[in-house]
Amino acid sequence: MSLAIFSSSLKSSAFKTARVATTITSRPSSAIWSQRFYSTENKDNKDNKEEAAPAQEAAPAGEATEAAAEQKTAHEEALAAKDKQLAEVKDRLLRTLADMENLRQRTAKEVSNTKDYAIQKFAKDLLDTADILNMAIKNVPQDEIVETSNNTHLKSLHTGVAMTRDELLKTLKRYGVESFDPMNEKFDPNLHQANFQVPMPGKEPGTVFDVQKIGFMIKGRVLRPAQVGVVQSTD
């Protein structure tokens with residue numbers, strides 16, 4: 001009985017071994033080659049990718065350099081534009097400051113002139129009074145006002161008129177109005193007004209020999225020219 005069981009087990013083991021061998025033998029060889037080719041291809045692709053990786057990394061580096069150069073150029077152009085704009089603003093500022101300084105100087109000069117010549121019209125109106133006093137003094141006969149003269153009233157009147165004229169001239173002088181008498185001076189058309197000319201032997205032509213009205217100046221400017229008679233040339 002046990003011999004039969006052992007024999008049966010041995011047969012069963014031999015049958016299983018034969019099935020396994022048959023399965024291995026019957027497996028197609030193309031599948032094995034396909035698996036080997038696929039493995040080799042994957043390896044080659046992997047190697048190619050590893051070799052191409054540096055090239056792909058190098059490309060972005062070149063692009064970055066070009067982009068940096070373009071950005072630098074753009075910055076330089078922007079700085080140049082800002083420098084030009086700054087120069088224009090500085091030029092306009094300097095011109096504005098110069099204009100303001102000129103305006104300040106002109107304004108100060110106008111204020112000074114206004115202050116100096118504010119009484120010009122008033123002083124000019126007083127010149128007629130000074131002329132009248134001068135005429136009154138000049139028309140008094142000299143022999144009537146000498147010390148030996150008995151005409152005391154005329155002498156007192158002459159003295160009072162002369163003092164009034166002198167005081168008026170002093171007042172005008174305190175405000176910058178000064179008189180000038182060009183007797184025996186060379187005729188100057190900027191200071192004198194020639195009312196007539198007379199040839200006079202022995203006198204230089206163009207010389208003032210008669211003063212009808214003395215002249216006046218205010219702060220160096222002619223307020224009224226002197227009215228004079230001039231020696232005429234005999235040529």
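What counts and what doesn't
- Residues numbered from 1 in each chain as written.
- Predicted model: local features only at pLDDT ≥ 70, side-chain atom pairs only at ≥ 80, totals over all residues.
- Heavy atoms only, no water.
- UniProt positions renumbered as here; feature names shortened; annotations may be inferred.
- Helix = DSSP H or I, 4+ residues; strand = E, 2+ residues; numbered from the N terminus.
- Buried < 20%, exposed > 50% of the residue type's maximum accessible area, 1.4 Å probe, protein only.
- Polar contact = N/O pair within 3.5 Å; in protein donor to acceptor, adjacent residues only side chain to side chain.
- Pairing = 2+ DSSP bridges.
- Axes fitted to C-alpha atoms, helices over the stretch in contact; angles between N-to-C directions.
- Contact = heavy atoms within 4.5 Å.
- Core = buried A, V, L, I, M, F, W, Y, C linked by side-chain atoms within 4.5 Å.

As recorded by an unreviewed UniProt entry, the chain carries the name GrpE protein homolog and is attributed to Linnemannia hyalina. Its UniProt record gives the chain a comment under Subcellular location (unreviewed entry), which states: "Mitochondrion matrix". Turning to the chain, the UniProt record has this under Function (unreviewed entry): "Essential component of the PAM complex, a complex required for the translocation of transit peptide-containing proteins from the inner membrane into the mitochondrial matrix in an ATP-dependent manner."

Caption draft 1: Summary view of the side chain of Arg-224. Summarising the element assignment, Arg-224 is placed in strand β5 (residues 221-224). Arg-224 sits in the buried class, given a relative accessible area of 11%. Of the polar contacts made by the side chain of Arg-224, one reaches the side chain of Asp-131; its length is 2.4 Å. Polar contacts involving the side chain of Arg-224 include one to the main-chain carbonyl oxygen of Ile-214, which spans 2.5 Å.

Caption draft 2: Geometry of the sheet that holds strand β1 (residues 177-180). Taken in spatial order, the three strands of this open sheet run β1-β4-β5, and their pairing is antiparallel. Each edge of the sheet is formed by a strand with only one pairing partner; in this case those strands are β1 and β5. On average, adjacent strands in this sheet sit at an angle of 35° to one another, irrespective of strand direction. Both strand β4 (residues 215-218) and β5 contribute to a ladder of three bridges, which runs antiparallel. Across the sheet, Phe-216 pairs through a bridge with Arg-224, a residue of β5. Strands β1, β4 and β5 of the sheet are contacted by helix α3 (residues 120-138), whose axis makes an angle of about 50° with β5.

Caption draft 3: Structural view of the nonpolar core. Core analysis: the biggest nonpolar cluster contains 21 residues, and Leu-172, Val-177, Phe-216, Leu-223 and Val-228 have the highest contact counts within it. Within the residue set of this core, elements represented by two or more residues are α3, α4 (152-174), β1, β3 (208-213), β4 and β6 (226-232).

Caption draft 4: Quick look at the pairing of β6. For β6, the buried fraction is high: six of the seven residues fall into the buried class. Here strand β2 (residues 192-199) pairs with β6 via seven bridges, running parallel. Following the sheet pairing, Gln-197 is matched in β6 by Val-230. Sheet topology note: the β3/β6 ladder contains four bridges and is antiparallel. Bridge pairing in β6 places Val-211 opposite Val-228.

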